[in-house]
Amino acid sequence: MADRRQVEPAVQPASQEVQSQEQQNLDQQSLNEPVEADLEKRLPERQYCVFRAGRERFCLSMLELEEVVEWPAVTPVPLAPAFLMGIFNLRGAIVPIVDIAFSEGRRPDLLPRHVVVAVLSQEPGQDVVRLGIAADEVIGTFASSGPLQLEEAPSGISHCCGMLRHEEDRLALALDLRGMAEAFSIGVI
């Protein structure tokens, strides 16, 4: 009997250790679940460049943005449509500059300060198409994990694919480069 008593206490702590280990594992899992849920919410975060052209704010996905340059020496194109401000040389590549705020009657004596150079993705084997967008002010880059707001986007603008909510509930029109190329006849240039 004495042997049984000695064996029983030895067995009980082992089962208590297993239960204790299982409880620790459950506690650790419950601690990790909120962290993993937070990570899943933050994973699809997208970066946007927000800029102002005329009175309106626009944004462009950072995946479509090549760079932002100071206003360059622009060569006017004879008989060009009103939205085409001209072309400029970007390290050997000729880039057309489109003024998406031309309908607002931009003052002719007030030139934009920047050119947002976007890259229109093409099918494999085709040349890269660059497009310069005249910008009066580059506001900055903003991250968003939520989708673009489609219900607030104006329906009459073909080159707008939604709205981005940024810095204290400000809105910016999200540009669709393919729609912009069609609306501003970039293929002709």
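None of the values given here were measured: they were computed from a predicted structure.

Details of the overall build of the protein
The number of helices and strands found in the protein is 2 helices and 10 strands. What you see in the protein, going N to C, is helices and strands ordered as α-β-β-β-β-β-β-β-β-β-β-α. The long-range fraction of contacts in the protein, counting pairs at least 24 apart against all pairs at least 6 apart in sequence, stands at 56%. As displayed, the protein offers around 12,400 Å² of accessible surface, 51% of which is attributable to carbon and sulfur atoms.

Some remarks on the sheet that holds strand β3 (residues 65-70)
Sheet architecture is open: 5 strands sit in the order β3-β6-β7-β5-β4, paired in mixed fashion. Of all strands in the sheet, those with a lone pairing partner are β3 and β4 (84-90), marking the two edges. Within the sheet, the average angular offset between the axes of one strand and its neighbour, ignoring direction, is 30°. Pairing of β4 with strand β5 (residues 93-98) involves 6 bridges; the strand directions are antiparallel. Along β5, the bridge assignment pairs Gly 86 with Ile 97.

Some points on the sheet that holds strand β9 (residues 160-166)
Across the sheet, 5 strands lie side by side as β8-β1-β2-β10-β9; this open sheet has mixed pairing. Two strands in the sheet have a free side with no partner beyond their single neighbour: β8 (137-144) and β9. When strand polarity is set aside, the average angle formed by the axes of neighbouring strands in this sheet is 35°. Pairing of β9 with strand β10 (residues 170-175), which is carried by 6 bridges, proceeds in the antiparallel orientation. The residue of β10 that forms the bridge with Gly 162 is Ala 174.

Examining the environment of Gly 179
Following the sequence through the fold, Gly 179 ends up in helix α2 (residues 177-183). Linking Gly 179 and His 159, residues 20 residues apart in sequence, is a C-alpha distance of 4.4 Å. The residues contacting Gly 179, other than those within four sequence positions of it, are Ser 158 and His 159.

Details of unusual backbone geometry
One non-glycine residue, Leu 79, lies in positive phi territory at about 60°. Mapped onto the fold, Leu 79 is located in the loop between β3 and β4. Notably, Arg 91 is not glycine yet its phi reads approximately 50°, a positive angle. Among the secondary structure elements, Arg 91 is positioned in the loop between β4 and β5. Classification of Arg 91 as exposed rests on a relative accessible area of 64%.

Quick look at the environment of Met 163
Tracing the chain through its elements places Met 163 in strand β9. Spatially, the C-alpha atom of Met 163 lies 6.4 Å from that of Leu 150, the residues being 13 residues apart in sequence.

Examining the pattern of salt bridges
A full pass over the atoms with the stated rule returns 4 salt bridges. Here Glu 66 and Arg 130 are joined by a salt bridge, their closest N and O atoms 2.6 Å apart. With Glu 66 in strand β3 and Arg 130 in strand β7 (residues 129-135), this residue pair connects regions lying 64 residues apart in the sequence. With a relative accessible area of 30%, Glu 66 lands in the partly exposed category. The class of Arg 130 is partly exposed, set by a relative accessible area of 27%. Note that Arg 91 is salt-bridged to Glu 67, the shortest N-O span being 2.5 Å. With a gap of 24 residues between them, Arg 91 in the loop between β4 and β5 and Glu 67 in strand β3 connect regions that are remote in the sequence. Put simply, Arg 52, Asp 136 and Glu 137 are held in one network by salt bridges that share partners.

Conventions and cut-offs
Residues numbered from 1 in each chain as written. Predicted model: local features only at pLDDT ≥ 70, side-chain atom pairs only at ≥ 80, totals over all residues. Heavy atoms only, no water. Helix = DSSP H or I, 4+ residues; strand = E, 2+ residues; numbered from the N terminus. Contact = heavy atoms within 4.5 Å. Areas by Shrake-Rupley, 256 points an atom, 1.4 Å probe, with all protein chains shown as cover. Pairing = 2+ DSSP bridges. Axes fitted to C-alpha atoms, helices over the stretch in contact; angles between N-to-C directions. Buried < 20%, exposed > 50% of the residue type's maximum accessible area, 1.4 Å probe, protein only. Salt bridge = Lys/Arg side-chain N within 4 Å of Asp/Glu carboxyl O.

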